[in-house]
Amino acid sequence: MLCCMPGVAFVPALLVSWSSAAFIISYVIAVLAGHVEPLVPYISDTGTKPPESGVFGFMINISALLAAITMYIRYLLIEKQNESSLFVSSACNMFTLCVGLMGCTGMGIVATFQELAVPSVHDIGALVAFGSGVVYITLQSIISYRSCPRWNTYFVCHVRMAISIISCIAFIPSILYVIVFASKISMTKIDWTPGEKDYTYHFMSAICEWTVAFGFIFFFLTFIRDFQVGIYIF
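All of these numbers come straight from a predicted model, not from anything done at the bench.

Student: What's the story with the overall build of the protein chain in this structure? I'm lost.
Tutor: Helix and strand content of the protein chain: 7 helices and 0 strands. Starting at the N terminus, the α and β elements of the protein chain follow one another as α-α-α-α-α-α-α. Intrachain contacts of the protein chain at a sequence separation of at least 6 include 74% that bridge at least 24 residues. When the accessible area of the protein chain is evaluated, it comes to approximately 11,000 Å², of which 75% is carbon and sulfur surface.

Student: What is the right way to read the environment of leucine 77 from this model?
Tutor: In this fold, leucine 77 is placed in helix H2 (residues 52–84). According to the relative accessible area criterion, leucine 77 is buried, its value standing at 1%. Separated by 149 residues in the primary sequence, leucine 77 and aspartate 226 place their C-alpha atoms 8.7 Å from one another.

Student: Would you explain helix H3 (residues 90–112) in this entry?
Tutor: Within an α-helix, residues lying three or four positions from one another point in the same direction, as the helix has 3.6 residues per turn. With 23 residues, H3 extends 33 Å between its outermost C-alpha atoms, agreeing within 8% with the 33 Å of an ideal straight helix rising 1.5 Å per residue. Burial in H3 covers these residues: Asn93, Thr96, Leu97, Val99, Gly100, Gly103, Cys104, Gly106, Gly108, Val110 and Ala111. Tucked into the core, H3 has its buried residues touching H2 and helix H4 (119–146).

Student: Got a minute to help me understand the pattern of salt bridges in this structure?
Tutor: Side chains that carry opposite charge are capable of pairing whenever their charged atoms lie near each other. For the structure on display, the rule yields 3 salt bridges. One salt bridge in this structure joins aspartate 226 and arginine 74, with 2.9 Å as the shortest N-O distance. Of this pair, aspartate 226 sits in helix H7 (residues 223–229) while arginine 74 sits in helix H2, placing them 152 residues apart in sequence. Taken as a pair, aspartate 226 and arginine 74 share a single burial class, namely buried. Here aspartate 226 ties to arginine 160 by a salt bridge, and the two come within 3.0 Å at their closest N and O atoms.

Student: I would appreciate a short explanation of the side chain of histidine 35 in the present structure.
Tutor: Relative to the helices and strands, histidine 35 resides in the loop between helix H1 (10–32) and H2. Here the side chain of histidine 35 touches glutamate 52 through a polar contact of 2.6 Å, side chain to side chain.

Student: What is the right way to read the packing of H2 against H3 from this model?
Tutor: Any two packed helices are characterised by how steeply their axes cross, that is the angle between the axes, and by the distance between the axes. Look at H2 against H3: their axes get within 8 Å of each other, and the N-to-C directions meet at 175°. With respect to H3, the axis of H2 lies roughly antiparallel. Among the residues making up the contact of H2 with H3, the classes are represented as 16 nonpolar, 8 polar and 1 charged.

Student: Would you take a moment to explain the nonpolar core for this structure?
Tutor: One recurring pattern in soluble globular proteins is that nonpolar side chains are buried together. Core analysis: the biggest nonpolar cluster contains 41 residues, and Phe23, Phe130, Tyr136, Val212 and Phe220 have the highest contact counts within it. Breaking this core down by element, the ones donating at least two residues are H1, H2, H3, H4, helix H5 (154–180), helix H6 (199–221) and H7. A per-element tally of this core places H2 first, with 9 residues. Residues in contact with phenylalanine 220, not counting those within four places in the same chain, are Pro12, Leu15, Val16, Thr70, Met71 and Tyr136.

Student: Just to check I follow, could you spell out the confidence of the model for the protein chain for this structure?
Tutor: Low pLDDT marks stretches whose predicted atomic positions should not be read closely. The share of residues in the protein chain with pLDDT of 70 or more is 88%, and the mean pLDDT across the chain is 87. Looking over the protein chain, one finds the lowest element-wise mean pLDDT in H7, namely 86, and the highest in H3, namely 97. Predicted confidence for residues 1–5 stays below pLDDT 50, and this span has 6 contacts to residues more than four positions away or in other chains.

Student: Sorry if this is basic, but what is going on with the packing of aromatic side chains here?
Tutor: Two aromatic rings, taken as a pair, are described by how far apart their centres are and by the angle between their planes. The full count for this structure, using the stated rule, is 11 aromatic pairs. For the pair tyrosine 72 and tyrosine 75, a centre-to-centre distance of 6.2 Å together with 25° between the ring planes defines the contact as stacked. In this pair, tyrosine 72 and tyrosine 75 are both assigned in helix H2, 3 residues apart and thus about one turn of the helix distant. Given a relative accessible area of 45%, tyrosine 72 falls into the partly exposed group. When the ring of phenylalanine 220 is compared with that of phenylalanine 223, the centres are 5.7 Å apart and the planes differ by 80°; the resulting orientation is edge-to-face. Each member of the pair, phenylalanine 220 together with phenylalanine 223, is buried.

Basis of the calculations
Residues numbered from 1 in each chain as written. Predicted model: local features only at pLDDT ≥ 70, side-chain atom pairs only at ≥ 80, totals over all residues. Heavy atoms only, no water. Helix = DSSP H or I, 4+ residues; strand = E, 2+ residues; numbered from the N terminus. Contact = heavy atoms within 4.5 Å. Areas by Shrake-Rupley, 256 points an atom, 1.4 Å probe, with all protein chains shown as cover. Buried < 20%, exposed > 50% of the residue type's maximum accessible area, 1.4 Å probe, protein only. Expected span 1.5 Å × (residues − 1). Salt bridge = Lys/Arg side-chain N within 4 Å of Asp/Glu carboxyl O. Polar contact = N/O pair within 3.5 Å; in protein donor to acceptor, adjacent residues only side chain to side chain. Axes fitted to C-alpha atoms, helices over the stretch in contact; angles between N-to-C directions. Parallel < 35°, antiparallel > 145°, perpendicular 65-115°, else oblique. Nonpolar A, V, L, I, M, F, W, Y, C, P; charged D, E, K, R; others polar. Core = buried A, V, L, I, M, F, W, Y, C linked by side-chain atoms within 4.5 Å. pLDDT = per-residue confidence, 0-100. Phe/Tyr/Trp six-rings, centres within 6.5 Å; stacked < 30°, edge-to-face > 60°.

In structure tokens, the structure reads:
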């Protein structure tokens, strides 16, 4: 159970569980209501129409808060570790935290401003959330390597870097599809069906979006072990 984990490991564990539930529950409601096709819709499409929009907005806002708390604890943990073995500058650690908090702000914007209601604001929030998130996990992967072998194993570092690389690879084409094919793809269209015009562009960008989102979730999952040890450091 989450409450039985030592240290503050329950925080990233709760973040991973809650965020996964947010995506899955919104998706299931949207599909059952007939608002989206079950084959890889955009994440935002699963939280556009009621009743799933209320669930999506509420749960993603909580996820943003949990992510911010997790990032702040991670920042404090690194600062404490630095006292005994300096492996990263405090300025770099603070910069990484600020980038992460920008991503959390983007998540809040995505959850608050509906895709169909205020599409421009929603898209800006998504860009900030995904862009800042990719930068954050990449910087954290680099910091993890710097902390080896005392504070992290190389296996964990390799896993984190692999997730970061995959997320970066998925993020770039998802943005390019929006920019390059903006004249072809209707970003406010949510009722896509296979075989429809421009469906290929939609399908590929949606896959990339889901890949990045769950890349973040799996990355925070790797923090659990670090936060378990955290009780002996704080």
